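Given next are the chains, with one letter for each unit.
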Amino acid sequence: GKTSFTYPSMPLQEDNPAKRPRLERKGVVASETLAASNSDIYRQEFFEYRPSIKVIDCTIRDGGLMNKWQFTDDFVRAVYNACVEAGIDYMEIGYFTSEKYFKRGEVGPWRFCATEDLKRIVGDNKTGLKLSAMADIGRIDPCDIPMKKDSLLDLVRVACYAHQIDEAIELANLCLERGYEVSINLMAVAKVPLAEIDACLEKLKTCKCQYFYLADSFGSLYGEQVRLLIRRYVAALPHMEIGLHGHHNQQLGVANSIDAIMEGANIVDGSIMGLGRGAGNTPTENLLCFLRNPKYNPRPILDVIQSHFYELRKTVEWGVSLPYLIAGVRNEHPRDAMAWEAEGKSKDGLGFYDKFVKTGEANGDNTRPAGGDPDRLEDAADAPRVPNLNCELYRKEFQTYKPMIKVIDNTIRDGGLMNNWKFSDEVVKAVYNACVESGVDYMDVGYFTSPGVLEGAGPWRFCKSEDLKRVFGENKTALKLAAMVDVGRVTEADIPHSRDTLVDMVRVACYAHQIDEAIQLANSCVGKGYEVGVLFMALSSVNMADINACLDKLEGTCSCHFVYVTDSFGSLYCEQVETLVSLFQKKLPGRTIGFHGKNNQHMAFANTVQAICTLEGVVMIDGSMLGLARGAGTTPTENLLCFLKNPKFKLRPALEVIKTHIQPLADTMEWGPSIPYLITGARNLHPRDAMAWQSAGKKLDGVGFLDFINAKEKQPKPVAGLKPGGRAAPPQPL
């Protein structure tokens, strides 16, 4: 019942152990303990810091959109103290608003930032932390802006859309005259043509404000667009510092902030635990773990998370959600998602899809509101409607699809690391049906493992023929089944011939020092009739010389059809992914290259998009439903199905199985981004310590874990540097 698949012709190579070149391992320690500074896949700039970079924490201002700025004084004071102790440069404590536009009692004090409210929290603010407030065009009257000497605010950030740029400059100049530092934040640029952006930049050349911001209001920008715009802003406005404010609709806030920094942005926004409307913002703790400036200390931020934010989550809901994902990938204002989640339906992605996406597509209506005010839902009916992604900022490749992209869903295999592969047959069959109906190419159902290894594990650790047939029957579908083999946990003899199993594809997982054994296993599996790939794990801890040596061996002695770049520690950034997949494609001509990401630093989806944009020809990419996998999880399959434009991929079946089976698992199994996994990912460490820490029931004790790692792992002393640039320019849109 198997269907054939044609790979580029790769003749079976004679595998003579005596002829295998030996891998040089000079000065390389075990991959699981290697620190990032030992790997030269990172440019030197990734180990330096740029003293001019500043961080703004927007927790109270942006987070207030979730509770109408009705935080307790204790909460606001705790955030303030954490920002002071963490070395953060600015705390955006709320909005600068004239009181006639809102009623006290309906909204909290941080919608106004009156001096008496500020004094109650910060006294005279005799600290190095500066206070910021945002001003919306049309909601602050000039008479309500005091002189700087009469205010505790230091920075006023003027938020505007492109059509409001003249008003924004006028308000910015007024604030400058009254003694404030000033920023202009240009919002919703994902909908703005480049000519209009350039016109705004031209007008800003005469404005003397200190900062100008790229604000990804809809969470719709990818790294390529962020890099393009930051370069454009830096070149046009050399007298200003350029900043980025990211939203996390597609889990791209961290990646976009890092890309912006590397391109020359000198000020970036975050909020603690990403607290912000809906999907939230770039988490401040991620920024502090990435930035190496010794003035920044993430520990006070982790401390306030434990003392105040976990409790806040019991009453205020924010974070990654399916409605915001759908809105972000469609480049839409999130008003529909806002209204949906306000009704308590944030976990009902299927219902949201059926109401706002499926119905419109059935009617031939692929447009949604484009602009308007994010805080004024009543504007929706009057908002202009334009085609989604109708912006030349995105190259045409972002509107089309590569037909040779293959999606592998790892929900059962990777998710089994969380429950010892003891899924019920019902769950496995539901995921299988969803993969079939979604057009997913492969379902990685588990492992081939030798008997006697990992006793007590569930059936999907072994993938015996009787278990496969019990759930999948004869698999008379286009979906192919895959299984992984770990070097050292299975012998060649214990891998059945392809004619004796439902498995179509075998993926051999290995570390660099296991490349010889991996090649031997891969060649054996090719001989048994499988599609075969090698997953090169923990690449972030391997030096380029060793990577090249492994690739030379694979090219010379291995008959596998594809090879994967695998970010096992969740430590790679987009630049390294671009470098590695390009190297793999160059060194292994004619073979398919794949990518498997981990979400320790919220980088998995961004890194996968980078791999897709970089690679040519057949591309293999991994995901799992809701990112189900060990610890921080992996790239969510639903993100991939949203992003890929190939009509064969259908999002709805994935949303359905998430609602019926995966979300209920999430209520009993713990996975997803966490502080322990963030720390190991940022330090480029094997997550075994995070695994043990969370297994001991200490997932929420990020402070304790940071102290544990600091005592165990000596960090190199950072040096000043981090010059912008050093990476090839992103492709230019036509």
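Residue numbering note: each chain is counted from 1, following its sequence as written. In keeping with the model being predicted, local features are shown solely for residues with a pLDDT of at least 70 and side-chain atom pairs are shown and tallied solely at 80 or more, while totals for entire chains, interfaces and linings include all residues. In computing side-chain values, all of the structure's heavy atoms are included and hydrogens and water are not.

**Regarding the overall build of the chain**
Here a strand is any run of E in DSSP of at least two residues, a helix any run of H or I of at least four, and the numbering for each starts at the N terminus. Within the chain, the regular secondary structure consists of 24 helices and 20 strands. Counting only C-alpha atoms and orienting by the principal axes, one finds that the chain spans roughly 80 × 60 × 50 Å. Residues count as neighbours in contact if any of their non-hydrogen atoms are within 4.5 Å of one another. Across the chain, the fraction of contacts at a sequence separation of at least 24, relative to all contacts at a separation of at least 6, is 79%. For accessible areas, the Shrake-Rupley method is used with a probe of radius 1.4 Å. Any residue's cover is judged against the shown protein chains and nothing else. Put simply, the chain shows about 26,400 Å² of open surface, and 52% of that area lies on carbon and sulfur atoms. Only four residue types enter the tally: Lys and Arg on the positive side, Asp and Glu on the negative side; His and the chain ends are excluded. Taken as the charge centre is NZ of Lys, CZ of Arg, CG of Asp or CD of Glu, depending on the residue. When the 84 positive and 92 negative side-chain charges of the chain are each reduced to one mean point, those points stand 2 Å apart.

**With respect to the side chain of Asp441**
Tracing the sequence through the fold places Asp441 in the loop between α14 (425-438) and β13 (442-447). On the accessibility criterion, Asp441 (10% relative accessible area) is buried. Engagement of the side chain of Asp441 in a polar contact is seen with the backbone nitrogen of Val407, the distance being 2.8 Å. Separated by 2.4 Å, the side chains of Asp441 and Lys648 make a polar contact. Filtering out sequence-adjacent residues up to four positions away, Asp441 remains in contact with Ile405, Lys406, Val407, Ala478, Leu479, Lys480, Lys648 and Phe649. Buried, partly exposed and exposed residues are distinguished by accessible area as a fraction of the type maximum, computed with a 1.4 Å probe on protein chains only: under 20%, between the cut-offs, and over 50%, respectively. Side-chain atoms alone can form a polar contact between residues adjacent in sequence; in general such a contact is a pair of N or O atoms within 3.5 Å, and within protein one must be able to donate a hydrogen while the other accepts it.

**What to know about the pattern of salt bridges**
Here, a salt bridge means any side-chain nitrogen of Lys or Arg that lies within 4 Å of a carboxyl oxygen of Asp or Glu. According to the stated counting rule, one finds 52 salt bridges in the structure shown. The shortest N-O distance in the salt bridge between Lys130 and Glu181 comes to 2.7 Å. Residue Lys130 is found in strand β4 (residues 130-136), and its partner Glu181 is found in strand β6 (residues 181-186); the two are separated by 51 residues along the sequence. For Lys130, a relative accessible area of 32% puts it in the partly exposed group. Residue Arg652 pairs with Asp354 through a salt bridge whose shortest N-O separation is 2.8 Å. Of this pair, Arg652 sits in helix α21 (residues 652-666) while Asp354 sits in helix α12 (residues 349-362), and the two are 298 residues apart along the sequence. Take Arg652: its relative accessible area is 25%, and that puts it in the partly exposed class. For Asp354, a relative accessible area of 21% corresponds to the partly exposed category. What you see here is one network of salt bridges that share partners, running through Arg413, Asp414, Asp444, Arg507, Lys598 and Asp622.

**Focus on the packing of helix α17 (residues 544-557) against helix α18 (residues 574-587)**
Axis definition: a line fit to C-alpha positions, over the contact stretch in the case of helices; interaxial angles, taken between N-to-C directions, run 0 to 180 degrees. Where α17 contacts α18, the two axes come as close as 10 Å, and the packing angle between them is 35 degrees. Where α17 crosses over α18, the handedness of that crossing is right-handed. When α17 is examined against α18, the residues Met544, Ile547, Asn548, Leu551, Asp552 and Glu555 are found in contact with a partner set consisting of Thr579, Leu580, Leu583, Phe584 and Lys587. Polar here means any residue other than Ala, Val, Leu, Ile, Met, Phe, Trp, Tyr, Cys and Pro, which are nonpolar, and Asp, Glu, Lys and Arg, which are charged; Gly is therefore polar. Looking at side-chain class alone, the contact of α17 with α18 contains 6 nonpolar, 2 polar and 3 charged residues. Two helices crossing with the near one rotated counterclockwise from the far one by less than a right angle form a left-handed crossing, whereas a clockwise rotation gives a right-handed crossing.

**Some remarks on helix α10 (residues 322-329)**
Burial of α10 is extensive: 8 of the 8 residues sit out of reach of the surface. Listing the buried residues of α10 in full gives Leu322, Pro323, Tyr324, Leu325, Ile326, Ala327, Gly328 and Val329. Two or three places before Tyr324, at the start of α10, stands the capping residue Ser321, its side-chain oxygen 3.4 Å from that residue's backbone nitrogen. At the exit of α10 stands Asn331, carrying a positive phi of roughly 60 degrees.

**Focus on the packing of aromatic side chains**
Geometry of aromatic contacts follows a simple scheme: Phe, Tyr and Trp rings, the Trp one being its six-membered ring, pair when their centres are within 6.5 Å, and the pair is stacked under 30 degrees between planes, edge-to-face over 60, tilted otherwise. Per the counting criterion, the structure on display carries 30 aromatic pairs. On the basis of an interplanar angle of 65 degrees and a centroid distance of 6.1 Å, the ring pair of Tyr394 and Phe398 is categorised as edge-to-face. Accessibility expressed as a relative area gives 5% for Phe398, which makes it buried. The rings of Tyr42, Phe46, Phe47, Phe290 and Tyr573 are connected pair by pair, giving a single aromatic cluster. The aromatic ring of Trp421 is capped on one face by Arg461, whose charged end is 4.9 Å from the ring centroid. By the criterion adopted, a ring carries a charge over it if an Arg CZ or a Lys NZ lies within 6 Å of its centre and within 35 degrees of its normal.

**A few points about unusual backbone geometry**
Most of the time, phi is negative for any residue but glycine, and the peptide bond is trans. At Cys113, a residue that is not glycine, the phi angle is positive and equals roughly 55 degrees. Considering the arrangement of structural elements, one finds Cys113 in the loop between β3 (90-95) and α3 (115-122).

**Structural notes on the confidence of the model for the chain**
Scored from 0 to 100, pLDDT records how confident the predictor is in each individual residue. Residue-level pLDDT values for the chain average 90, and 90% of them are 70 or greater. A low-confidence stretch, residues 1-37 (pLDDT under 50), is modelled with 77 contacts involving residues beyond four sequence positions or located in other chains. Across residues 363-388, where pLDDT falls below 50, the model places 59 contacts with residues more than four positions away in sequence or in other chains.

**Topic: the sheet that holds strand β9 (residues 267-270)**
At least two DSSP bridges between two strands are needed for those strands to be called paired. Strand order in the closed barrel formed by 8 strands is β2-β3-β4-β5-β6-β7-β8-β9, and the pairing between neighbours is parallel. Ignoring strand direction, the axes of neighbouring strands in this sheet form an average angle of 25 degrees. As defined by bridge partners, strand β8 (residues 241-245) adjoins β9 across 2 bridges and the pair is classed as parallel. Bridge pairing in β9 places Gly243 opposite Ile267. Across the face of the sheet, helix α6 (residues 223-236) comes into contact with β6, β7 (211-215) and β8 while running at roughly 160 degrees to β7.

**What about the nonpolar core?**
Formed by 251 residues in total, the largest nonpolar core has its most connected members in Ile184, Met443, Phe472 and Ile547. Sequence-distant contacts of Phe472, defined by excluding residues within four places in its chain, comprise Val428, Tyr432, Met443, Val445, Trp460, Leu481 and Leu502. Only buried Ala, Val, Leu, Ile, Met, Phe, Trp, Tyr and Cys residues count toward a nonpolar core, and they belong to the same one when joined by side-chain atoms within 4.5 Å. Counting 7 residues, the second largest nonpolar core, distinct from the first, contains Cys58, Leu155, Tyr211 and Tyr213.

**A closer look at the sheet that holds β13**
The 8 strands lie next to each other as β12-β13-β14-β15-β16-β17-β18-β19, forming a closed barrel whose pairing is parallel. Direction aside, the axes of adjacent strands within the sheet are offset by 30 degrees on average. Here strand β12 (residues 405-409) runs beside β13; their pairing, made up of 2 bridges, is parallel. The residue bridging Ile408 from the neighbouring strand is Tyr442, located in β13. Where α14 meets the sheet, its contacts fall on β12, β13 and β14 (480-486), and the angle it forms with β13 comes to roughly 155 degrees. Together, β14, β15 (503-510) and β16 (531-536) form the strand contacts of helix α16 (residues 515-527), whose direction differs from that of β15 by roughly 170 degrees.

**Comments concerning helix α7 (residues 253-262)**
By the criterion of burial, α7 is predominantly enclosed, with 10 of the 10 residues buried. Along α7, the residues that are buried comprise Gly253, Val254, Ala255, Asn256, Ser257, Ile258, Asp259, Ala260, Ile261 and Met262. Lining the buried residues of α7 we find α6, β8, β9, α8 (284-290), α18 and α19 (604-614).

**Looking at the pairing of strand β19 (residues 619-623)**
Taken across its 5 residues, β19 has 5 buried, putting it largely inside the fold. Side chains of β19 alternate between two faces, with Val619, Ile621 and Gly623 and Met620 and Asp622 buried alike. Of the pairings in the sheet, the one linking β12 to β19 comprises 5 bridges and is parallel in character. Along β19, the bridge assignment pairs Ile405 with Val619. Pairing analysis gives 3 bridges linking strand β18 (residues 592-596) to β19, with the strands arranged parallel. Paired with Ile593 across the two strands is Val619, which belongs to β19. Seen with its strands pointing away from the viewer, a crossover is right-handed when the path leading from the first strand over the helix to the second is clockwise. With respect to chirality, the unit in which β18 leads through α19 into the neighbouring parallel β19 is right-handed.

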